[in-house]
Number of protein chains: 2
Amino acid sequence: MDIKLIQFSPHGDDRGQLVALEETREIPFPIKRVYYMYKTVPDAVRGKHAHRKLEQVLVCLHGSCKVRLDDGKEKQVVLLDKPWEGLYLSNVVWREMFDFSPDAVLMVLASDYYDEADYIRNYGDFLAFLRKQSEKEGN
Amino acid sequence: MDIKLIQFSPHGDDRGQLVALEETREIPFPIKRVYYMYKTVPDAVRGKHAHRKLEQVLVCLHGSCKVRLDDGKEKQVVLLDKPWEGLYLSNVVWREMFDFSPDAVLMVLASDYYDEADYIRNYGDFLAFLRKQSEKEGN
């Protein structure tokens, strides 16, 4: 599956903790957009889509949440509960975020501006997109 | 003083809250670096510098903290306690962050990579930098 858990290096000292993320360095793409979710209700499921092109890194800055991942072949669940750990997701991963703790702050760094046309919001369309991609690669 | 409180538009729905920040749009510069502070000790003072060029936007994503600002003429203190509010700081503002709540997560979006040469860490040097700048502008 085209995902990766990235361990960042916290710059801790007697004042507290600090994590710094630079584009094309700790983050493997240019950072065009930063968004964050908070006050998520306990039973909410967010995401439920894949992307045509967008790459993202998810970091849970406070509290915790889980991410269900599916690339059409495998499924897995990743727990995010460390501000010094990022979850890189390529475009071709169906993602669902759930089990947010009441104090969770989930930050996402994205490789591009918001573009509704880049979202694949239907799971059947996602599987069709994957088939098309693997046909292309097969040629 | 060359600072600005920016009100973002939270995209709230029945799942919770989401704020999205795009470079050169909500954020008035390209986002090269994202850093965040957490587990800050109660009496810590962070910052204590200005910059030669760097622009930043500070957002307190969880909990609260205060920022003491000084442009060599005026001083003021800004409370950051809303995830939908950003504090834009130009380079020529001496900034000190303090009074972090135990659960505070302060995120900073920066217009460039980390560069120690861009920091002005001595207050006397900061005043000298301001004088030089206003002489230049006067010419």
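Residues numbered from 1 in each chain as written. Chains lettered and ligands numbered in written order. Predicted model: local features only at pLDDT ≥ 70, side-chain atom pairs only at ≥ 80, totals over all residues. Heavy atoms only, no water.

Engineer: Residue-level account of the overall build of chain A, with values.
Structural biologist: Along its length, chain A carries one helix and eleven strands. Ordered by position from the N terminus, the helices and strands of chain A form the series β-β-β-β-β-β-β-β-β-β-β-α. For chain A, the C-alpha atoms occupy an extent of roughly 55 × 35 × 25 Å along the three principal directions. The buried share of chain A, taken over its 139 residues, is 53%. Counting contacts in chain A only where the partners sit at least 6 residues apart, residues at least 24 apart contribute 77% of the total. Entry remark: accessible area of chain A is about 6700 Å², with carbon and sulfur atoms responsible for 49%. Averaging the locations of the 20 positively and 23 negatively charged side chains of chain A gives two centres separated by 4 Å. (Helix = DSSP H or I, 4+ residues; strand = E, 2+ residues; numbered from the N terminus. Buried < 20%, exposed > 50% of the residue type's maximum accessible area, 1.4 Å probe, protein only. Contact = heavy atoms within 4.5 Å. Areas by Shrake-Rupley, 256 points an atom, 1.4 Å probe, with all protein chains shown as cover. Lys, Arg positive; Asp, Glu negative; His and termini not counted. Charge placed at Lys NZ, Arg CZ, Asp CG, Glu CD.)

Engineer: Account for the packing of aromatic side chains, with residues named and values stated.
Structural biologist: Applying the stated criterion across every chain, the model contains ten aromatic pairs over all chains. Ring centres of Tyr123(B) and Phe126(B) lie 5.9 Å apart, and the angle between their planes is 50°; this geometry places the pair in the tilted category. With Tyr123(B) and Phe126(B) both in helix 1 (residues 123-138) and three residues apart, the pair spans about one turn of that helix. With relative accessibility at 31%, the residue Tyr123(B) sits in the partly exposed group. Its guanidinium or amino end placed over the ring of Phe98(A), Arg68(A) lies 4.1 Å from that ring's centre, counting from NZ or CZ. Between the NZ or CZ atom of Arg25(B) and the centre of the ring of Tyr113(A), over which it lies, the distance is 3.7 Å. (Phe/Tyr/Trp six-rings, centres within 6.5 Å; stacked < 30°, edge-to-face > 60°. Lys NZ or Arg CZ within 6 Å of the ring centre and 35° of its normal.)

Engineer: Which residues make up the pattern of salt bridges, and what values go with them?
Structural biologist: By the definition in use, this model includes 18 salt bridges over all chains. For Glu23(B), the salt bridge is made with Lys32(A), and the minimal N-O distance between the two is 3.1 Å. Highlighted residues: Glu23(B) in the loop between strand 2 (17-22) and strand 3 (33-38) and Lys32(A) in the loop between strand 2 (17-22) and strand 3 (33-38), drawn from two different chains. With relative accessibility at 8%, the residue Glu23(B) sits in the buried group. One network of salt bridges, in which partners are shared, links Glu22(A), Arg25(A) and Arg33(B). (Salt bridge = Lys/Arg side-chain N within 4 Å of Asp/Glu carboxyl O.)

Engineer: Could you give an account of the environment of His51(B), with specific residues and numbers?
Structural biologist: Residues and elements named next belong to chain B. Mapping His51 onto the fold places it in strand 4 (residues 46-51). When the C-alpha atoms of His51 and Ile120 are compared, they prove to be 5.5 Å apart, with 69 residues separating the residues in sequence. Sequence-distant contacts of His51, that is, excluding residues within four places in its chain, are made with Gln56, Asn91, Val92, Arg95, Asp118, Tyr119, Ile120 and Phe129.

Engineer: An account of the sheet that holds strand 10 (residues 105-110) of chain A is requested, with residue identities and associated values reported.
Structural biologist: On the basis of which strands lie adjacent, the open sheet formed by six strands has the order 1(A)-8(A)-5(A)-10(A)-3(A)-2(B) and antiparallel pairing. The sheet terminates laterally at strand 1 (3-7) of chain A together with strand 2 of chain B, the two strands that pair on one side only. In this sheet, adjacent strand axes meet at a mean angle of 20° when their direction is disregarded. (Pairing = 2+ DSSP bridges. Axes fitted to C-alpha atoms, helices over the stretch in contact; angles between N-to-C directions.)

Engineer: Explain helix 1 (residues 123-138) of chain A residue by residue, including any values.
Structural biologist: All names here are of chain A. With 16 residues, helix 1 should cover 22 Å at 1.5 Å per step; its first-to-last C-alpha distance of 23 Å lies within 8% of that length. Those residues of helix 1 lying buried are Phe126, Phe129 and Leu130. All buried residues of helix 1 fall inside an arc of 100° around its axis, so they share one side. In this structure, helix 1 carries Arg131, Lys132, Glu135 and Gly138 as exposed residues pointing more than 90 degrees from its buried face. Two or three places before Gly124, at the start of helix 1, stands the capping residue Asn122, its side-chain oxygen 2.8 Å from that residue's backbone nitrogen. (Expected span 1.5 Å × (residues − 1). Arc of directions from axis to C-beta. Polar contact = N/O pair within 3.5 Å; in protein donor to acceptor, adjacent residues only side chain to side chain.)

Engineer: Go over the sheet that holds strand 5 (residues 56-62) of chain B with me, naming the residues and quoting the values.
Structural biologist: Strands sit in the order 2(A)-3(B)-10(B)-5(B)-8(B)-1(B) across an open sheet of six strands; the sheet is antiparallel. At either margin of the open sheet sits one strand with a lone partner, and together these are strand 2 of chain A together with strand 1 (3-7) of chain B. Ignoring strand direction, the axes of neighbouring strands in this sheet form an average angle of 20°. Both strand 3 of chain B and strand 10 (residues 105-110) of chain B contribute to a ladder of five bridges, which runs antiparallel. Along strand 10 of chain B, the bridge assignment pairs Met37(B) with Leu106(B).

Engineer: Outline the interface of chain A and chain B, listing residues and values.
Structural biologist: Taken together, the 40 residues of chain A in the interface contact 40 residues of chain B. Interface area for chain A against chain B, summed over the two sides, is near 3600 Å², with a carbon-plus-sulfur share of 55%. Interface area lost by chain A to chain B is led by Arg15(A), Tyr36(A) and Tyr38(A), which between them contribute 22%. At the boundary of chain A with chain B, the tally comes to four salt bridges. Our count for the contact surface shared by chain A and chain B stands at 18 residue pairs in polar contact (both at pLDDT 80 or more). Mapped onto the side of chain A that touches chain B, the elements with two or more residues apiece are strand 2, strand 3, strand 5 (56-62) and strand 10 of chain A. Residue composition of the side of chain A that touches chain B, by class: 24 nonpolar, five polar and eleven charged. With six bridges joining them, strand 2 of chain A and strand 3 of chain B adopt antiparallel strand pairing. (Buried area = accessible area lost by both parts, 1.4 Å probe. Nonpolar A, V, L, I, M, F, W, Y, C, P; charged D, E, K, R; others polar.)

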